[in-house]
Every structure is written in C-alpha cells, then in structure tokens.
Amino acid sequence: MSPDARAFMPESYSPKRSVYPLSNLNDTMRLVRVRCRYCKRQHCYQPADLMLIFGDVDVDSLMDRMRCENGADHGRLDLEAFAPTGKEALGLRIRRLKALKVQTVPVWKEEPSR
C-alpha cells in the first residue's frame, strides 16, 4: 500500500479515551454520585472535596480508589458525574468534607545492646 493510500484510510473505531480531571467538574458546577452495587448506598460529593483527598485525578480512576464504608469486599463502586436538575436538586443531600485526620503509626527498629 502506498503512503498516499494510507492518508485516505478511515480512522479505527476504537474508543478515544481522554482524561477528564475533577477540576473540570468543579468548573462546570457538577457533582459526583457514588453508588455501591452490593449494598445500594449512594452519596453525592462536590469535586473540590474529592480533590483535597485524591488530588486532581481522572474521574474514572476514582472507581478504583474509593471503597464502600460498609465493607471493603463490596467490589468497585459506580461513579457518575451529573448536574442536578431543579427537581433532583430539591431533596439532594451532598456529603461534605469536615476534616482530614492523619494517623500516626509508630515504626520500631531493634538495636543490639552495647
């Protein structure tokens, strides 16, 4: 096949995966809804709160980073970004970050006596 013929070949139909960071959701005033498939718990978060914990990461990567509070063995969480409409926003409860606690764990080292 000549190089000119390749220029006119159609693109492949493979999905184009682009990175969509949390800051884009924050700019467009959208929220993140997280659902556990196992226990059916659902929470809504503001992207700015999630950015404090995970950084400005890709939205899809949060599915692997977050775990259900009822049990770590519940598997992956369903995650979706959405802009609440008027009817949906009326009774919506948003989970806000109150504080971050850093746990200090002692690490010991055995030394021989002199």
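Everything numeric here is computed off the predicted structure, so don't read it as measured data. (Residues numbered from 1 in each chain as written. Predicted model: local features only at pLDDT ≥ 70, side-chain atom pairs only at ≥ 80, totals over all residues. Heavy atoms only, no water.)

J.: Tell me about the overall build of the chain, and name the residues and values.
T.: Assigned secondary structure in the chain consists of 5 helices and 4 strands. Moving toward the C terminus, one meets the helices and strands of the chain in the order α-α-β-β-α-α-β-α-β. Per-residue burial over the chain gives 23% buried out of 114 residues. If you sum the accessible surface of the chain, you get close to 9600 Å²; carbon and sulfur atoms cover 53% of it. (Helix = DSSP H or I, 4+ residues; strand = E, 2+ residues; numbered from the N terminus. Buried < 20%, exposed > 50% of the residue type's maximum accessible area, 1.4 Å probe, protein only. Areas by Shrake-Rupley, 256 points an atom, 1.4 Å probe, with all protein chains shown as cover.)

J.: Talk me through the nonpolar core; I want residue IDs and the actual numbers.
T.: Among the nonpolar cores identified, the biggest contains 15 residues, and L22, V32, V34, L50, L62, M66 and L79 are the most heavily contacted of them. Listing elements by their share of this core, those giving two or more residues are helix 2 (22-27), strand 1 (31-36), helix 4 (62-65) and strand 3 (77-82). Looking at which element gives the most residues to this core, the answer is strand 1, with 3 residues. Every residue in contact with L79, bar those within four places of it in the chain, is listed here: V32, R33, V34, V59, L62, M63 and M66. (Core = buried A, V, L, I, M, F, W, Y, C linked by side-chain atoms within 4.5 Å. Contact = heavy atoms within 4.5 Å.)

J.: Hey, could you go over the pattern of salt bridges for me, with residue numbers and the actual values?
T.: When charged atoms on two side chains of opposite charge get close, those side chains can pair. Under the counting rule described, the total for this entry stands at 8 salt bridges. The closest approach of N and O atoms between R76 and D64, which form a salt bridge, is 3.2 Å. A residue pair is termed long-range when its members are at least 10 positions apart, and R76 in the loop between helix 4 and strand 3 and D64 in helix 4 qualify at 12 residues. Taken together, the salt bridges that share partners define one network made up of R33, R35, E80 and E88. (Salt bridge = Lys/Arg side-chain N within 4 Å of Asp/Glu carboxyl O.)

J.: Can you break down the packing of aromatic side chains residue by residue, with the values?
T.: Throughout the structure, instances matching the rule amount to 0 aromatic pairs. In this arrangement the basic side chain of R33 is found over the ring face of F82, its NZ or CZ atom lying 3.9 Å from the centre. (Phe/Tyr/Trp six-rings, centres within 6.5 Å; stacked < 30°, edge-to-face > 60°. Lys NZ or Arg CZ within 6 Å of the ring centre and 35° of its normal.)

J.: Report on helix 3 (residues 47-54), specifying residues and quantitative values.
T.: Listed in full, the buried residues belonging to helix 3 are P47, D49 and L50. Projection of helix 3 onto a plane perpendicular to its axis shows the buried side chains occupying an angular sector of 155°, all on one side. (Arc of directions from axis to C-beta.)

J.: Describe the environment of V19, and please don't skip the residues or the numbers.
T.: When you line up the elements, V19 lands in the loop between helix 1 (3-7) and helix 2. In this structure, the C-alpha to C-alpha distance between V19 and S61, residues 42 residues apart in sequence, is 9.6 Å.

J.: Describe the pairing of strand 1, with residues and values.
T.: In terms of burial, strand 1 is a largely internal element, 5 of the 6 residues being buried. Direction of pairing for strand 1 relative to strand 3: antiparallel, over a ladder of 6 bridges. From the neighbouring strand, V32 faces strand 3, where its bridge partner is A81. Where strand 1 and strand 2 (residues 42-45) come together, 4 bridges link them in antiparallel fashion. Paired with R33 across the bridge in strand 2 is C44. If you look at the hairpin formed by strand 1 and strand 2, you'll find 5 residues sitting between the two strands, and K40 has a positive phi there, around 65°. (Pairing = 2+ DSSP bridges.)

J.: So what's going on with the confidence of the model for the chain? Residues and values would help.
T.: Looking at the chain, the pLDDT average stands at 84 and 85% of residues meet or exceed 70. Confidence, read as mean pLDDT per element, is least for helix 1 in the chain (57) and greatest for strand 4 (residues 94-95) (94). (pLDDT = per-residue confidence, 0-100.)

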